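Now for the letters of each chain:
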Amino acid sequence: MTPAGDPAARPAPAVGDVVVDKRFPPLTRATLALYAGASGDHNPMHIDTDFARAAGFPDVFAQGMLAMAYLGQALTDAVPLAALIGFSTRFAAITQLGDALECRGELVEIAPESDGRRVARIALTARDGAGELKLGGEALVDATLWEAVRGKA
Amino acid sequence: MPSAADIGRTFAPVTAVVEAGRYDFFLKVTGEGNPIFRSDEAARAAGFRGRPVPPTYLFCLELMDTPNPFGFLDELGIDIAHLLHAEQRFDYRSPPCIGDAVTFRTRVADVFEKKGGALTFAILDTEASAAGLGTLASLRKTLVVRRPEATA
């Protein structure tokens, strides 16, 4: 079975290419509750409306790490996990119930490192359907290994 | 509320096992379909010892096998109702796989205020390691705490 995001099935990436592009379903209360259980993060802010209101929010909202899990999934659809060196995000805005995150990543640089490896930098975003930035960040990828995996296909 | 006096503070290490059942539940909840996470065969073909954890799963694992996963918040005097996650970073060496026991050691790297003290930022650095495998990854979480009286 070839996954939709099989990295080897795509042509070699170049700086400026959008290499990560995946849309996720609208977030529901059920998803937040199930993610709380699956992630070990039982913070009531994301599963208990009474708690969220008492803390000054209109309702529960998504765990930042759920949004980052989606962004990570979009990333590893495009890039072999073994080549992933770094992954970072800043949580720019709260991801709300109903938001359908669109995760994108643009290859912005391939730079040589002192150890001889070449490292690709991918600028990442996760936006809601209206285009509001929820997460911004970047991934660092061992470009030499990425290309080697591609070459085996 | 954390303060500069907390910089350098460390917390009791926690160890968690990558268990297949809860790992599969995470895949299901996040709609993860990538064969390297779903199939032992695909994972081995990609060069892993077994199915490796997805890129954010280390964050989750740290919370899983400890009786009080948010004990570090209590130790820092942070009320979870006033807490937001500002940034998260992972630096990877090699991912743990199903069956591995991963130990997390966390220290406070920095604490500072913004907006006249209305917001306090705490940066926590965590090293994830496993016996026989050495360091697997480093995690950096940046937390922001709203001062209660600043809450509308």
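Keep in mind the model is a prediction, meaning the values are calculated, not measured.

**Student:** Explain the interface of chain B and chain A residue by residue, including any values.
**Tutor:** Opposite the 37 residues of chain B that make contact, chain A presents 39 residues. Between chain B and chain A lies a buried interface of about 3,000 Å² when both sides are counted; carbon and sulfur atoms form 66% of it. Considering only the side of chain B, the residues that lose the most area to chain A are Val29, Thr30 and Tyr92 of chain B, jointly responsible for 16% of the buried surface there. Where chain B touches chain A, the interface holds zero salt bridges. Those elements that place two or more of their residues in the side of chain B that touches chain A are helix H1 (20–30), helix H2 (35–38), helix H4 (57–61) and strand S2 (83–92) of chain B.

**Student:** Can you tell me about the side chain of Gln88 of chain B, naming the residues and giving the values?
**Tutor:** Take Gln88 of chain B: it is sitting in strand S2. Owing to a relative accessible area of 2%, Gln88 of chain B belongs among the buried residues under this scheme. Polar side-chain contacts of Gln88 of chain B include one of 3.5 Å to the backbone oxygen of Arg140 of chain B. Once residues within four sequence positions are removed from consideration, Gln88 of chain B is found in contact with Met65, Met68, Phe87, Ser88, Thr89 and Phe91 of chain A together with Phe59, Leu139, Arg140 and Lys141 of chain B.

**Student:** Describe the packing of aromatic side chains, and please don't skip the residues or the numbers.
**Tutor:** What the rule picks out here adds up to eight aromatic pairs over all chains. Here the aromatic rings of Tyr35 of chain A and Phe26 of chain B are separated by 6.1 Å at their centres, their planes lie at 55 degrees, and the arrangement is tilted. Of the two residues, Tyr35 of chain A sits in helix H1 (residues 29–39) while Phe26 of chain B sits in helix H1, which places them in two different chains. Judged by its relative accessible area of 1%, Tyr35 of chain A falls in the buried class. Look at Phe26 of chain B and you get buried, because its relative accessible area is 2%.

**Student:** A description of H1 of chain B should follow, citing residues and the corresponding values.
**Tutor:** Every buried residue of H1 of chain B is listed here: Arg22, Tyr23, Phe26, Leu27, Val29 and Thr30 of chain B. Downstream of H1 of chain B by a residue or two, Gly31 of chain B has a phi angle that is positive, lying close to 70 degrees.

**Student:** Which residues make up the pairing of strand S1 (residues 14–17) of chain B, and what values do they have?
**Tutor:** Residues and elements named next belong to chain B. Of the two faces of S1, the one holding Val14 and Ala16 is buried and the one holding Thr15 and Val17 is not buried anywhere. The sheet contact formed by S1 and strand S3 (residues 101–114) spans four bridges and is antiparallel. Bridge pairing links Val17 to Ala101 in S3.

**Student:** Any details on the environment of Arg146 of chain B? Residues and values, ideally.
**Tutor:** Locating Arg146 of chain B in the fold gives a position in strand S5 (residues 134–146). Along the chain, Arg146 of chain B and His82 of chain B lie 64 residues apart, while their C-alpha atoms are 5.1 Å from each other.

**Student:** Break down unusual backbone geometry for me, with residues and values.
**Tutor:** All names here are of chain B. We note that Lys115 has phi near 50 degrees; this positive angle belongs to a residue other than glycine. Relative to the helices and strands, Lys115 is located in the loop between S3 and strand S4 (119–130). Accessibility expressed as a relative area gives 69% for Lys115, which makes it exposed.

**Student:** Describe helix H3 (residues 64–78) of chain A, naming the residues involved and giving the relevant values.
**Tutor:** The α-helix advances 3.6 residues per turn, and as a result positions three or four apart in sequence lie on the same side. For H3 of chain A, spanning 15 residues, the distance from its first C-alpha to its last is 22 Å, which sits close to the expected 21 Å at 1.5 Å a residue. In terms of residue burial, H3 of chain A counts as a mostly covered element, since 15 of its 15 residues are buried.

**Student:** Which residues make up the environment of Ala30 of chain A, and what values go with them?
**Tutor:** When you line up the elements, Ala30 of chain A lands in helix H1. Through-space distance from the C-alpha of Ala30 of chain A to that of Ile47 of chain A is 8.7 Å; in sequence the pair is 17 residues apart.

Thresholds, definitions, all that
Residues numbered from 1 in each chain as written. Chains lettered and ligands numbered in written order. Predicted model: local features only at pLDDT ≥ 70, side-chain atom pairs only at ≥ 80, totals over all residues. Heavy atoms only, no water. Contact = heavy atoms within 4.5 Å. Buried area = accessible area lost by both parts, 1.4 Å probe. Salt bridge = Lys/Arg side-chain N within 4 Å of Asp/Glu carboxyl O. Helix = DSSP H or I, 4+ residues; strand = E, 2+ residues; numbered from the N terminus. Buried < 20%, exposed > 50% of the residue type's maximum accessible area, 1.4 Å probe, protein only. Polar contact = N/O pair within 3.5 Å; in protein donor to acceptor, adjacent residues only side chain to side chain. Phe/Tyr/Trp six-rings, centres within 6.5 Å; stacked < 30°, edge-to-face > 60°. Pairing = 2+ DSSP bridges. Expected span 1.5 Å × (residues − 1).

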